[in-house]
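# Survey of secondary and tertiary structure
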Amino acid sequence: MKIETITTPFVLNISVNCYLIHLEDGFILIDTAKAGQRQAVEAALERAGCTPGRLKLIVLTHGDFDHCGNAAYLRRKFGSQIALHGDDIGMGRDGNMFYNRKQPNPILKPIFGLIFALPEADRFTPDVLLKGGDDLAAYGFGATVIELPGHCKGNVGLLTPEGDLFCGDLLGNTGKPAVWSLVDDKAAMAASVEKLKGYPITTVYPGHGAAFPISAFWAGQGN
Ligand SMILES: [Zn+2]
């Protein structure tokens, strides 16, 4: 198994990652970037030799538009399937990034709702609903799903037997490894961070920023 990171620009100096997992006989794509970066993601898949039929599964760590902006398009193009946690289903289906999130400031909500909505053509209903404890062996990828809510309700991590954790937007690495700055539910986020201690994790592959050893994160937490 080889992990290829596809990094694309997001906003300001922040980028967003997709991870293309090279399997013996196909590929898994973890997250898909925002719709505006479609060409970059497609080009990376083509360079890797991922042709229609070879993309076994598109796994979304959560439903935000910067991670699932190309999911519907890539599913069509590659004849693939989309997996997402059920708690984020309305983000993809209705394009509403506030689905299942706590209600933010009533004045800002409609503004952000417009800016961050997923365009209608890119909305989707997942084929596979993820939940904690699931494993993706049926797709040739021996990773386990860990529920890591806080940034949003349906944020999941994918942990491989080698100790690689794709954590979605639980942790990020813009500047240094840290809890991701956008938090919807503080208590859930803290519990998700605590939960990581129960797993044999070595390297973290975040939604934003470069991969890092989990020890670097704990060191920054004073642990
Ligand atoms: Zn994100």
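Below is a short write-up of the structure. (Residues numbered from 1 in each chain as written. Predicted model: local features only at pLDDT ≥ 70, side-chain atom pairs only at ≥ 80, totals over all residues.)

This part covers the sheet that holds strand 1 (residues 2-11). Read from one edge to the other, the open sheet built from 6 strands follows the order 1-2-3-4-5-6, with strand pairing classed as mixed. Each edge of the open sheet carries a strand with a single partner, namely strand 1 and strand 6 (128-130). Here the average twist between neighbouring strands, direction ignored, is 25 degrees. Sheet topology note: the strand 5 (residues 82-85)/strand 6 ladder contains 3 bridges and is parallel. Among the inter-strand pairings, H85 is bridged to a residue of strand 6, identified as L130. Along the sheet, helix 1 (residues 38-47) contacts strand 1 and strand 2 (14-23); its crossing angle with strand 1, the most-contacted strand, is approximately 165 degrees. Those strands touched by helix 3 (residues 71-78) are strand 3 (26-30), strand 4 (55-59) and strand 5, and its axis lies near 170 degrees from that of strand 4. (Pairing = 2+ DSSP bridges. Helix = DSSP H or I, 4+ residues; strand = E, 2+ residues; numbered from the N terminus. Axes fitted to C-alpha atoms, helices over the stretch in contact; angles between N-to-C directions. Contact = placed C-beta atoms within 7 Å.)

Quick look at the nonpolar core now. In terms of nonpolar packing, the biggest core is built from 53 residues, with I28, L29, I30 and I58 touching the most fellow members. Per-element tally for this core: the top contributor is strand 2, with 5 residues. Other than its neighbours up to four places away in sequence, I28 contacts I21, L23, K56, L57, V59, Y139 and F141. (Core = buried A, V, L, I, M, F, W, Y, C linked by C-beta atoms within 7 Å. Buried ≥ 20, exposed ≤ 12 C-beta atoms within 10 Å, placed from the backbone.)

This part covers the environment of G172. Inspection of the secondary structure puts G172 in strand 10 (residues 171-174). C-alpha of G172 to C-alpha of G209: the two residues are 37 residues apart in sequence and 6.0 Å apart in space. Contact partners of G172, with chain neighbours within four places excluded, come to A178, W180, P206, G207, H208 and G209.

Right, let's talk about the sheet that holds strand 7 (residues 144-147) for a bit. If you walk across this open sheet you meet the 5 strands as 7-8-9-12-13, and the pairing is mixed. With one partner strand each, in any of the chains shown, strand 7 and strand 13 (212-213) form the two edges of the open sheet. As paired strands, strand 8 (residues 156-159) and strand 9 (residues 164-168) are joined by 2 bridges and run antiparallel to one another. Bridge pairing in strand 9 places L158 opposite F166.

Its location among the elements puts R75 in helix 3. Classification of R75 by C-beta neighbours within 10 Å gives partly exposed; the count is 19. Residue contacts for R75: discarding those within four places in its chain leaves I58, S80, Q81, I82 and F124.

In this structure, A33 is a non-glycine residue whose phi angle is positive, near 70 degrees. The backbone of N100 sits at a positive phi, close to 65 degrees, despite the residue not being glycine. For N100, the location among the structural elements is in the loop between helix 4 (89-94) and helix 5 (108-115).

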